[in-house]
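# Observations on the model geometry
Spelled out, the chains give:
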Amino acid sequence: MTRQLSLNAFIYPAGHHEAAWRHPATAAERIYDASYYQEIARTAEAGTLDAVFFADGPALQGDVAHNAVGRLEPITLLTAIAAATERIGLIATASTTYYEPYNLARLFGSLDHISGGRAGWNIVTTGTDAAAANFGLDAHPPHAERYARAAEFVDAVTALWDSWEDDAVVLDRAAGVYADRSKIHEIGHTGRYVRVKGPFNQPRPPQGHPVLVQAGASNDGRAFAGRYAEAIFTAHQRLADAQVFYADIKQRAAQLGRRPDHVKVLPGISPFIAGTEAAAHALEREFNELTVPEYGLRQLERMTGATLGHLDLDGPVPAELFADAGDVTDNRRSRLQVVAGIVERERPTVRRLLHRLAGARGHRVFAGTPEQVADTIEEWFTSGAAGGFNVMPPHYPGGLEVFVETVVPILRERGLFRSEYTGRTLRDHFGLPRPGNRFAEQAAAAAG
């Protein structure tokens with residue numbers, strides 16, 4: 001096959017299962033130790049995975065009394081990982097609501113230079129109201145306003161990266177000329193939400209632009225992804241739902257004049273892997289039995305906006321909790337729809353629903369043998385549901401190690417995944433072109 005999977009290791013401190021920090025196979029005491037993440041990244045690189053990815057948000061989210069929910073700042077951490085690796089891509093989340101374009105452009109531009117072209121930016125608008133007070137705001141901006149700002153923000157950031165043409169640095173020691181000033185441009189971006197004069201204070205990044213990633217599944221998020229995203233992180237429980245989302249994103253990109261194959265759709269999968277299917281399910285139960293119901297209920301309260309402490313854990317989930325899941329209007333609603341679908345199809349008890357969500361916060365959890373995990377990855381990949389996956393091990397570091405050691409070789413044998421890296425940049429790994437420089441292209445067009 002010429003078309004190959006993309007696989008990222010989605011790093012969550014102790015693992016994606018909410019009780020991972022309690023399990024003896026994890027290293028919760030190391031989650032603020034940079035060497036821990038360097039080791040994980042080297043495991044991912046040994047498996048020739050495309051990238052490691054860190055989620056992030058500018059507030060303490062979740063119930064820290066019952067889970068290890070604190071984080072290191074991801075761009076700083078990825079710089080440490082860059083020094084310990086050679087090829088693996090480096091994707092970090094950063095918010096367009098709580099950064100300014102110039103400093104964020106510098107952070108990712110610098111990461112791209114430091115890593116030799118391996119940086120990716122997961123663009124979010126931030127979905128939690130708690131962030132506002134951390135930045136001196138009385139309220140979190142409305143959903144539509146956040147996406148309007150995000151569009152201006154990305155336009156300004158990419159213009160800053162382009163403000164030095166690729167050949168702007170002359171480095172003529174004899175003549176005493178370091179750079180050709182005519183090839184370094186002010187961007188003069190003036191919009192409703194963002195104003196940036198420029199130019200940038202570093203040469204164009206090695207990739208031209210670090211890879212643009214997006215994770216919003218709302219209506220506004222899909223429109224934004226169709227316009228900007230080169231990779232999209234998404235959550236689906238069922239093949240049919242993933243196929244609809246995949247087709248929608250590809251169509252949106254095509255309607256905007258983009259090549260659909262230059263947009264990677266990467267659902268999350270959290271695999272419990274063992275030598276037999278029964279052992280894999282037993283491992284999943286082992287983690288579920290370590291969950292703290294109070295933690296799961298608080299997570300569900302954040303999602304639904306309802307008070308749930310009075311519910312009987314062994315009683316049915318009240319259907320009215322999801323009565324307003326409705327149309328996808330913001331990211332919290334889109335994830336609510338995923339959970340509403342689980343409730344509608346499975347009619348779980350409250351405890352069972354909490355266990356279903358404990359594995360990966362609404363992403364797909366799969367328990368099976370390495371062959372069965374490879375089978376489900378292949379099925380989604382070959383049936384128009386995914387261009388690859390965000391692999392979300394339920395526990396670190398062992399969950400990633402077993403995936404790399406047992407599942408990756410099967411995918412290679414089937415011709416679905418690379419046996420070695422064929423390029424050095426994240427764009428190479430994803431099969432994405434290096435974008436042209438807008439100022440150079442304008443000059444060329446003017447010259448005729």
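Looking at an unreviewed UniProt entry, one finds the chain named LLM class flavin-dependent oxidoreductase, with Pseudonocardia zijingensis as its source organism. In its Sequence similarities (unreviewed entry) section, the UniProt entry covering the chain states "Belongs to the NtaA/SnaA/DszA monooxygenase family."

At the junction of glycine 198 and proline 199, the peptide bond is cis and its omega measures out at 0° in the coordinates. In this structure, proline 199 sits in the loop between strand E8 (195-196) and strand E9 (211-214). Of note, the phi angle at threonine 48 is positive, near 55°, even though the residue is not glycine. Structurally, threonine 48 can be placed in the loop between helix H1 (34-46) and strand E2 (51-54). Exposure remark for threonine 48: the relative accessible area of 5% places this residue in the buried category. We note that arginine 347 has phi near 45°; this positive angle belongs to a residue other than glycine. Within the secondary structure, arginine 347 is located in the loop between helix H10 (331-346) and helix H11 (350-358). Note on arginine 347: relative accessible area 63%, which makes it exposed.

With that settled, the discussion passes to the side chain of arginine 364. Here arginine 364 shows up in strand E12 (residues 364-368). No salt bridge is formed by the buried arginine 364; its nearest oppositely charged neighbour, glutamate 379, is found at 5.8 Å. Of note is the side chain of arginine 364, whose polar atom sits 2.9 Å from the side chain of threonine 376. Excluding its chain neighbours within four sequence positions, the residues that come into contact with arginine 364 are His236, Gln237, Gly268, Ile269, Ser270, Thr376 and Trp380.

Analysis parameters
Residue numbers restart at each chain and count upward from 1, following the sequence in its written direction. Confidence filtering applies because this is a predicted model: local features only for residues at pLDDT of at least 70, side-chain atom pairs given and counted only at 80 or more, and all residues used for totals across whole chains, interfaces and linings. Here the side-chain values reflect all heavy atoms present in the structure, with hydrogen atoms and water set aside. UniProt positions are given in the numbering used here, feature names are shortened, and annotations may be inferred rather than shown by experiment. To qualify as a helix, a DSSP run of H or I must reach at least 4 residues; to qualify as a strand, a run of E must reach at least 2; elements of each kind are numbered from the N terminus. Here the term buried applies to any residue with accessible area under 20% of the maximum for its type, exposed to any over 50%, and partly exposed to those in between, with areas from a 1.4 Å probe on protein chains only. His residues and chain termini do not enter the charge count, which takes Lys and Arg as positive and Asp and Glu as negative. By definition, a salt bridge exists where a carboxyl oxygen of Asp or Glu is found within 4 Å of a side-chain nitrogen of Lys or Arg. Here a polar contact means two N or O atoms within 3.5 Å. Within protein one must be a hydrogen donor candidate and the other an acceptor candidate, and residues neighboring in sequence count only if both atoms are side-chain atoms. Any two residues whose heavy atoms approach within 4.5 Å at even a single point are treated as in contact.

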